[in-house]
Amino acid sequence: MKTSKLMVLGLLISGVSAAYAGNSPQTVAPGYGALEFSPPSVGSYSLPAIGSADDGNVLTSDGKPIKLHSLMGDKPVLLSFIYSTCSDINGCPLATAVFHKIKNRLQKDPELASLVRLVTLSFDPGHDTPDKMRQYSEGLSGNGVDWHFLTTVSEQELQPILSSYKQNIQKVYDEKGEFTGTYSHILRVYLIDTDKHIRNIYSTSFLHPDTLINDIKTLLNKNESSDPRLEVSNPLNPYRPGDYKTSYEKTGYVTQSLALSHRTGRSADLMKRVRTPPLGLPAMPQPAENKVTNEKIQLGRKLFYDRRLSLNNTFSCAMCHIPEQGFTSNEMATAVGIEGRSVKRNSPTLYNVGYSTVLFHDGRESTLEQQVWGPLLAHNEMANPSIGYVIDKLNVTDDYAEQFAKVFGKGPSMETLGMALASYERSLVSGNSPFDRWQYGNDKRALTGAEQRGLTLFTGKANCSACHTIGSHDALLTDNTFHNTGIGYLEAMGTPDAKRKIQVAPGIFIDVDRDLIAQVSEAKANDLGRYEVTQNPEDRWKYKTPTLRNAALTAPYMHNGSLATLKAVVEFYNRGGIANENLDPLIQPLKLSDQEVNDLVSFLKSLTGDNTDELVADAFAAPVSDAD
Amino acid sequence: MKTKMIKPAQPLRNLLKVSFFAVSTIALSGLGSLSVQADETCMSPYMAKIVGQEDFVYVWTLGMEGVGDEQDKLVTVDVNPKSASYGKVINTLSVGGRNEAHHSGFTDDRHYLWAGGLDTNKIFIFDVHTNPAKPKLTKVITDFVAKSGGVVGPHTTYALPGRMMITGLSNNKDHGGRTGLVEYTNEGEYVSTYWTPTDSNLQGAVKTGNYADGYGYDVRVLPRRNLMLTSSFTGWSNYMMDFGKMLNDQEAMKRFGNTVVQWDLHARKPKKVLDVPGAPLEIRCAWGANNNYCFTSTALTSKIWLIYEDKEGAWQAKAVADIGEPSKIPLPVDISISSDDKMLWVNTFMDGKTRGFDISDPFNPKQIYEEKIGAQVNMVSSSWDGKRLYYTSSLLANWDKKGTDNEQFFKLYHWDGKALKQQFAIDFIKEKLGRAHQMRFGAYSLYAANLPVQQSVLAKHP
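Definitions and limits used
Residues numbered from 1 in each chain as written. Chains lettered and ligands numbered in written order. Predicted model: local features only at pLDDT ≥ 70, side-chain atom pairs only at ≥ 80, totals over all residues. Helix = DSSP H or I, 4+ residues; strand = E, 2+ residues; numbered from the N terminus. Buried ≥ 20, exposed ≤ 12 C-beta atoms within 10 Å, placed from the backbone. Contact = placed C-beta atoms within 7 Å. Pairing = 2+ DSSP bridges. Nonpolar A, V, L, I, M, F, W, Y, C, P; charged D, E, K, R; others polar. Axes fitted to C-alpha atoms, helices over the stretch in contact; angles between N-to-C directions. Domains from an automatic or database assignment.

1. Section: the overall build of chain B
A count of helices and strands for chain B gives 6 helices and 33 strands. Within chain B, the fraction of its 462 residues that count as buried is 69%. Within chain B, contacts between residues at least 6 apart in sequence are counted, and of these 54% link residues at least 24 apart.

What follows is the structure, encoded as C-alpha cells:
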C-alpha cells in the first residue's frame, strides 16, 4: 500500500518527464505526458454504445454498502478498476494518475466538474478495505470533483462485477504456489453514459486526460447526432455502376466511385410498362396461366434480391444480374457462382428478357418460369441441392409462406416460385430510347447525325439488322435464334498466345507467360454452344442473338464476355468474324471505314431506354436479404 | 535475426525480459500495451503476448473438396520442442462448410480467437484460454452482412480495447471491392460500420491522388499517433474466382484496390486517401517508440511501400523497393516485421519463396536473403525473438496452385541471423486437413490461472 501510494504520488509530482529521458529504465504510457496528437474536436465524432454498464454491490470508502448503479444515470461516469498495491507503472497507477490529471482540470472548470463522476473500484477486496481505499484517495480527491473510491466486501461480491465488465484478473503466484500479492490484468477504463451504456473503453495506449475529457464533452454535446459521415462531397449519378473503371487502362485514370451508403432508391410502378409498352416495344407476352400482377412482381422482386436463395446464403439472382450494371455484370467476362465456381458464359442482361422466346445463350429453356430453376439448382451458380430444399427454406424464411398464399392462393412451390420471379423479370421493360423516338415516334431530333448514319449502316451496309431485328412497329433487336460468329470456335479450337497481357494497376500492363497462369488455372470447361442442346454438329458454337437494347450498359460483350467495348464488337464484325466451317453466312467482312465504325457505335448507344434509372432506383429500394 | 536493438524500444524490451510475473514467457497488463509486436509480432498492441517459447500454433485451415471431412477447421499444432507431441497436430476442430477461412485474431485479453470466412461471412469465435491445447467453438456470428449494412468478406479481426475491428473486402450489392470496417464488442455484438471513403462521399477525407476506390483489406493502428491504416485488395467476385480465369479476364483485373487510407483512430474517421497502386495487402507497423512508419506490399505491382509520417506530421506513401522481378508477377503476399524493426520478411506466392529485407533504413529496404519454402507459400509468422518462422501454403481456395504444385503445408524454420533451417513440416493434405492458412500462437503461460499442474513445465523456459 505504502509503496503504491508513493508511486502514484511520485508520478504525479514528477510529471514523469524523466521517464522519457534516454536512459530511463522504463518507457511509460502516453497518459503521463503531453498528448502526441491533436485529438478530434468535441462533437465531431460519435461514440456508439458498446454494451451496458452493469450493477453490483460495492462499498464506499466510508464502508457504506451501495449499488454501483447508484453512482450512474445522472451524469457520465469514468470507471477504473485498480488495486492499490499495483506497482506496474503502466497499469493501475496510470489509471489513477490520469484521473488525477482530469481532477485537476475539472477543478478549473467547475461547470464541467458538476457534470461528470470519477469512480475507482478495487479488484483486491482482501487487501483494499474501505479504510485502505480512503487512505489511497488521500491527496487524490479534490474539492468540487465527484470522485469515488470503492471496494467490495469480498471476492464473491466482486466476481460478478468483474465478469460483467469483462475484467480478466489473474492472481500471480510464485514458484512455491503462493500468491505474490500482484495481479495480471488488462488495464481498462470505461466511459459510461447516463443510460448506463458503455461508450468507450480505454487501455494503456489510449488512456489520456485530453481524449477522455473530449469524449466526456462529446457525450454531453447536445448536437452529437450530427454525423458528418453522411455528407455528400461530390454529387455523381447514383444509378450508374458504383465502381467506375472508365479509362482504367490509362495512367491518368481517376476514380469516381460511389458511396454504398448513397445506394438508396425509390420504388416505381413496375406494372406501368407491362400494361402499356413503351415506344418501340410490343405488348409484353404473358402466359395465360401466369398473367402479370403487381403482387406477383413485388413478391418476385423480393425473391430476386434475396441472397438466402442459395445454399450458403451468399447468392441472389442480383449478384450476377446487378441492376446498376445493366442487370448483368460489368465486372467480369464470364460469371462465378457460389464458392467462386466458374460459369462458362457471360451473364445476359435482363432488360426486356420477357420478350425472349429462347433463354440462356444456348436456348435450352423457353419460359422464364422454368428458366429460373436453372441457376437455382446449378452446382456452379446458386447450388441449392434440390427443389424441395428451396421450397422448404422459403416456408421458414420471413413471411414468404404467407406472401405466396396471398398472391397465388398456395404456398411456395416449384411452380409459384417460377411464376413470381418471372413476373418481376417481365416488368424490367425498357424502351422509348432515342432510336425508338426517331423510328417510331417521328421525332426527327431524337438521333444525332452520327447516330442517323449509324442506323443507316445498321440496316444497310453492315446488315446488323439481319439478326438484330427492327420491325415496322417495334424492334426487339434480336431474331431470337442462333448464330455462329466464330467466337466460340476460337475459344474451343484456337491456340492462345504464349504470353498474356495482364493489367496490374491503372495504366500498367505486364506480359505474363501462359505457363505461369496455367499453374493457377483450373481446367476450363469447354463450350459448344447450341450443339449442347441439339446435338446437331451444325449447331456447334452457335449462340443466341442478344437484344441490343441498352447495349451501352451491358459490357462486356459476346457469350463469353471477350469483347470489352461496343467498338471492339463492331470491329470484330467488320473483320467478318472468325472463319470456321459453321460460320454464319451472314457474317462477312464489312469494309467499314473508321468513321463508319464510330457511327455504328454511336447508334448502338442510342438504344438505351428512357427508364433505366427508374428501374435501377426501384431495384435500390428493394431489400437485399442476408442470413440472420 | 540480429539481436542488436534500436534505442527507443530497448528499455521496454529489457523490462519485458525481466518481467516480474511468475511466468516469464509472456508480457501482460499495461506493459504489453505500449509496445507493438511482431507476429506474435503482427497483432494488436492491446493484448498479452508471448515473449518466450510458444506452445501452440493455431492454423485456420480451409476445407478442401476431396480431402478429409472437406470443411474448414482450426488445427492446433504442438510447437514446444520440450513436448512429446512436438511438431504434431494435437487437435482439429471442424466448423462446418467451406467458408473461405482466411484470417484470425485474438481479442485484447487473448481469451478468444476470432476467425473469419470470406465467402459465407461467418465469424467463428474460439475459446483458447480455458484449455489452450484444445480450443472450443463458443459462438458463430452468422449475421455479419445484415448487421453491418452490407459489408461482405470479414478479413482482419483486430483487437482494440474491449472490441474487435473487422475489415471487409466486399459488399452484398455488387460483390465488388467497395466495403468498410465493422466494429464489434468482444462479446460479439455489432457496434458500428465505417465505410471506406469514396469519391461521392469522402467523409471529410482528402483524396491526395487519383484514387478513392473505397476498397479494403488489412487494418493496423499506431495509437500514439492516433493512426489507423487500411489497405485495399479486391471484391468477392475476384477473391473467390479461379485465379487463372481472373488473370485472363481484363474486366476483373481492373477491380483491384489502389489505395491506403489514413484514419483518425479515435474518431474512426478517414483523413487521407493515399495512392498505392497494385493491391496493397498486409500492413505491418514498426514498433520502435519513435518509428512512425508502417510497411505494406502491393500484390500485383510487387513493391514494398512505406507509409510514413513526414517532418510536418503528415502521412505519406512511398514505393521503396521492388520484390523479386515485378515483370514475372511473383505475387508478394504475407509480410512480417521483426521486433527490432530491422528485418521484413516478404513471401512471394508464385515462386514459393520467402525473402528477407534489411529495413534498417526504412526508405531503402535491401533484400539480404531468400529461400524457397515450397511450390507455393503464403503466410509467415515470426516468434517474438525472431528465431522461429512458421510458414503456411494456402492463399485462397481458388487461387492456390493446381495439381501437384498445390502443396499444403505448415513448416517451422529456425533463423540464426544468416540462414533458415527447416525443423519440421506437416503435410496438410496427407493429414486430411485441407489448405493451411493463417497462424496464431498460443501458450499456457498466457493463462496462468488455467495452467494444468502437470503441464507447468511447458511454460517455463529461460
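2. Side note on the pairing of strand β20 (residues 269-275) of chain B
Residues and elements named next belong to chain B. Of all 7 residues making up β20, 6 are buried, and the element is well covered by its neighbours. Of the pairings in the sheet, the one linking strand β16 (residues 206-207) to β20 comprises 2 bridges and is parallel in character. Its bridge partner lying in β20, K207 is registered against V273.

3. What about the interface of chain A and chain B?
Across the contact, 98 residues belong to chain A and 96 residues belong to chain B. Among the elements that line the side of chain A that touches chain B, the one with the most residues is strand β11 (residues 499-505) of chain A, at 5 residues. Considering only residue class, the side of chain A that touches chain B consists of 46 nonpolar, 34 polar and 18 charged.

4. Observations concerning the sheet that holds strand β14 (residues 180-185) of chain B
As a general point, the strands of a sheet are linked pairwise by backbone hydrogen bonds and lie either parallel or antiparallel. Residues and elements named next belong to chain B. Read across the sheet, 4 strands follow the order β11-β12-β14-β15 without closing on themselves; strand pairing throughout is antiparallel. The strands lining the two open edges of the sheet, one partner per strand, are β11 (157-160) and β15 (190-195). Between one strand and the next, the sheet's axes are offset by a mean angle of 25°, whatever the strand orientation. For strand β12 (residues 163-167) and β14, the ladder comprises 5 bridges, and the chain directions are antiparallel. Residue pairing for β14: M164 is matched across the bridge by Y184.

5. A look at the domain arrangement of chain A
Examined at the domain level, chain A breaks down into domain 1 (2-220), domain 2 (272-432 + 614-621) and domain 3 (444-494 + 531-608). The C-alpha centroid of domain 3 of chain A is placed 73 Å from the C-alpha centroid of domain 1 of chain A.

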